[in-house]
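Coordinate analysis (summary)
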Amino acid sequence: VNAGGDTTRNLLASGIQLLFDHPDQRARLVADLDGLLPTATEEMLRYTSPVVHFRRTVTEDTVVRGQPIAEGEKVVVFYGSGNRDELRFDDPDRFDVTRNPIEHLAFGRGIHHCAGAALARLELAGLLTRLAERVTQFEMRDHEWDVNSTILGLRHLDLTLHT
C-alpha cells in the first residue's frame, strides 16, 4: 500500500533542496523547462537516489569487475555509489540538469525495476513545472536530512517560495 510513498515524497523534497543548493542549475531549468525537464528529473534521481540500498541473492556464478561472486551469495547494491560511479558518469559529484543520456540505478534494473517509476517521474515533473512557472525565489530557513539505512530523504524542509 505504501510503495512509492516514502521514496516519491523524499525525491520531491530532495529535488527542491537541489534546486536551492544549485541556483545556476535552477536558472538553466527555468530558462528551458520543456527541453530540460526530462534530464533534470533523471539527474535528481541519480544525484539523490531515494533508495539507499537493496540486498539481492546471486542466482548464478558471476564476476563483477574481477571479483567472483558465487550463486547463493548475498550482495548489497548501494544506489548512491553506483549513481556516482566515475567509470559511468563524467564528474559524478556535479549536479547537472543537462546531463544526458542518464542511466542511473534509482529505480533498479531488470526484473527489480520499480513498477511505479513512470508515476514518480510524472509527479516530479509536475512539481518542477509548477515551481518553474510560479516561484521566483527560494528562501531556505532550515532543513534536516533523515539518517536512515534504507531511504534517503529530508526529515524537515522549512522554506518560503516567493511568487
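Residues numbered from 1 in each chain as written. Predicted model: local features only at pLDDT ≥ 70, side-chain atom pairs only at ≥ 80, totals over all residues. Heavy atoms only, no water.

**Considering the nonpolar core**
Grouped together as the largest cluster of nonpolar side chains are 27 residues, with contacts concentrated most on Leu19, Leu29, Met44, Phe95 and Leu128. Elements that contribute at least two residues to this core include exactly α1 (5-21), α3 (33-47), α5 (117-134) and β5 (137-146). Residues within four places of Leu19 in sequence aside, it is in contact with Arg26, Leu29, Met44, Leu128 and Phe138. (Core = buried A, V, L, I, M, F, W, Y, C linked by side-chain atoms within 4.5 Å. Buried < 20%, exposed > 50% of the residue type's maximum accessible area, 1.4 Å probe, protein only. Helix = DSSP H or I, 4+ residues; strand = E, 2+ residues; numbered from the N terminus. Contact = heavy atoms within 4.5 Å.)

**A word on the packing of α3 against α5**
Two numbers describe how α3 lies on α5: the axes approach to 10 Å, and their chain directions differ by 125°. The angle between the axes of α3 and α5 places the two elements in the oblique class. Between α3 and α5 lies a crossing of right-handed hand. Note on element contacts: α5 touches α3 through Arg121, Leu124, Ala125, Leu128, Thr129 and Ala132, opposite Leu33, Leu37, Thr41, Glu42, Met44 and Leu45. (Axes fitted to C-alpha atoms, helices over the stretch in contact; angles between N-to-C directions. Parallel < 35°, antiparallel > 145°, perpendicular 65-115°, else oblique. Left-handed = near helix turned anticlockwise from the far one by under 90°.)

**Details of the confidence of the model for the chain**
Considering every residue of the chain, the mean pLDDT works out to 88; 98% of them sit at 70 or more. Mean pLDDT per element in the chain: β5 is the minimum at 83, and strand β3 (residues 67-69) is the maximum at 96. (pLDDT = per-residue confidence, 0-100.)

**Quick notes on the pairing of β5**
Strand direction decides the pairing type here: β5 and strand β6 (residues 153-162), joined by 9 bridges, are antiparallel. Residue pairing for β6: Gln137 is matched across the bridge by His162. If you look at the hairpin formed by β5 and β6, you'll find 6 residues sitting between the two strands. (Pairing = 2+ DSSP bridges.)

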